[in-house]
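Below, each chain spelled out in residue letters.
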Amino acid sequence: MKKKEWKFVYDEEVCDTLGSNFMGIITDGKRFLFFQALPDEDLNDERCYIYSSMMSMFSRDSEELSYPWTKENDELLLKALNSLDEDSDRYCGENSIFHEFFI
């Protein structure tokens, strides 16, 4: 059986006081992460925030990772997740794979 790959499977644009931002889901079909991309404080660049639960996303605390929202960084995120063994729990938490791929 082929290993399932992580991918962005859903996103939705949400209009708010900052203009618009995106929220969505990243999954390998078994495990899930949630993301929110929104403008930084200066409204110049966008950052992507990765969360292990929807509740953390809505309260905007305890993100697993944040990074400048670019196609290259999204690809790096997926590369990190797809480097994990299928049963690995390192897709979130203090021991997550993100600490090896992102500074």
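Bear in mind that the values here come from a model prediction, so they are computed numbers and not experimental data.

Would you explain the packing of aromatic side chains in this entry?
Ring pairs (aromatic) are described by centroid distance and by the angle formed between their planes. Tallied over the entire structure, the rule returns 3 aromatic pairs. Aromatic side chains W6 and Y91 sit 5.6 Å apart centroid to centroid with 35° between the ring planes, which places their arrangement in the tilted category. Linking W6 in the segment before β1 (7–16) with Y91 in the loop between α2 (71–82) and α3 (98–101), this pair joins segments that are 85 residues apart in sequence. Judged by centre distance (5.2 Å) and plane angle (80°), the ring pair of F8 and F35 falls under edge-to-face. With F8 in strand β1 and F35 in strand β3 (residues 32–39), this pair connects stretches of sequence that are 27 residues apart. Assessed through its relative accessible area of 3%, F35 is described here as buried.

What am I meant to see in the sheet that holds β3 here?
The strands making up a sheet associate through hydrogen bonds between their backbones, and the pairing can be parallel or antiparallel. Spatial ordering of the open sheet is given by β1-β2-β3-β4-β5, a layout of 5 strands whose pairing is antiparallel. Pairing within the sheet leaves two strands with one partner each, and these edge strands are β1 and β5 (65–68). Neighbour-to-neighbour, the strand axes of this sheet turn through a mean angle of 20°, independent of strand direction. Here strand β2 (residues 19–27) runs beside β3; their pairing, made up of 6 bridges, is antiparallel. Considered in β3, the bridge of I25 is made with F34. Strands in contact with α2 are β1, β2, β3, β4 (46–51) and β5; relative to β5, the strand with the most contacts, it is inclined by about 145°.

Got a minute to help me understand the pattern of salt bridges in this structure?
Note on pairing: side chains with opposite charge can pair once their charged atoms come close. Scanning all chains against the criterion turns up 3 salt bridges. When the shortest N-O distance is used, the salt bridge between D28 and R31 registers 2.6 Å. Accessibility assignment for this pair places D28 and R31 in one class, buried. Across the pair E100 and R90 runs a salt bridge whose closest N-O atoms are separated by 2.6 Å. Separated by 10 residues along the polypeptide, E100 in helix α3 and R90 in the loop between α2 and α3 bring together distant segments of the chain.

Just checking my understanding: could you explain the nonpolar core for this structure?
For soluble globular proteins, the rule of thumb is that nonpolar side chains tend to be buried together. Counting residues in hydrophobic clusters, the biggest one holds 16 residues, and the most contacted among them are W6, I26, L33, I50, L77, L81 and F98. Only β3, β4, β5 and α2 provide two or more residues apiece to this core. The dominant element in this core, judged by the number of residues it contributes, is α2, at 4 residues. Ignoring sequence-local partners within four residues, the contact set of I26 consists of W6, K7, F8, R31, F32, L33, F35, I50, L77, L78 and L81. Ranked by size, the runner-up nonpolar core spans 6 residues in total, among them M23, L38, Y49 and M57.

What counts as what
Residues numbered from 1 in each chain as written. Predicted model: local features only at pLDDT ≥ 70, side-chain atom pairs only at ≥ 80, totals over all residues. Heavy atoms only, no water. Phe/Tyr/Trp six-rings, centres within 6.5 Å; stacked < 30°, edge-to-face > 60°. Helix = DSSP H or I, 4+ residues; strand = E, 2+ residues; numbered from the N terminus. Buried < 20%, exposed > 50% of the residue type's maximum accessible area, 1.4 Å probe, protein only. Pairing = 2+ DSSP bridges. Axes fitted to C-alpha atoms, helices over the stretch in contact; angles between N-to-C directions. Contact = heavy atoms within 4.5 Å. Salt bridge = Lys/Arg side-chain N within 4 Å of Asp/Glu carboxyl O. Core = buried A, V, L, I, M, F, W, Y, C linked by side-chain atoms within 4.5 Å.

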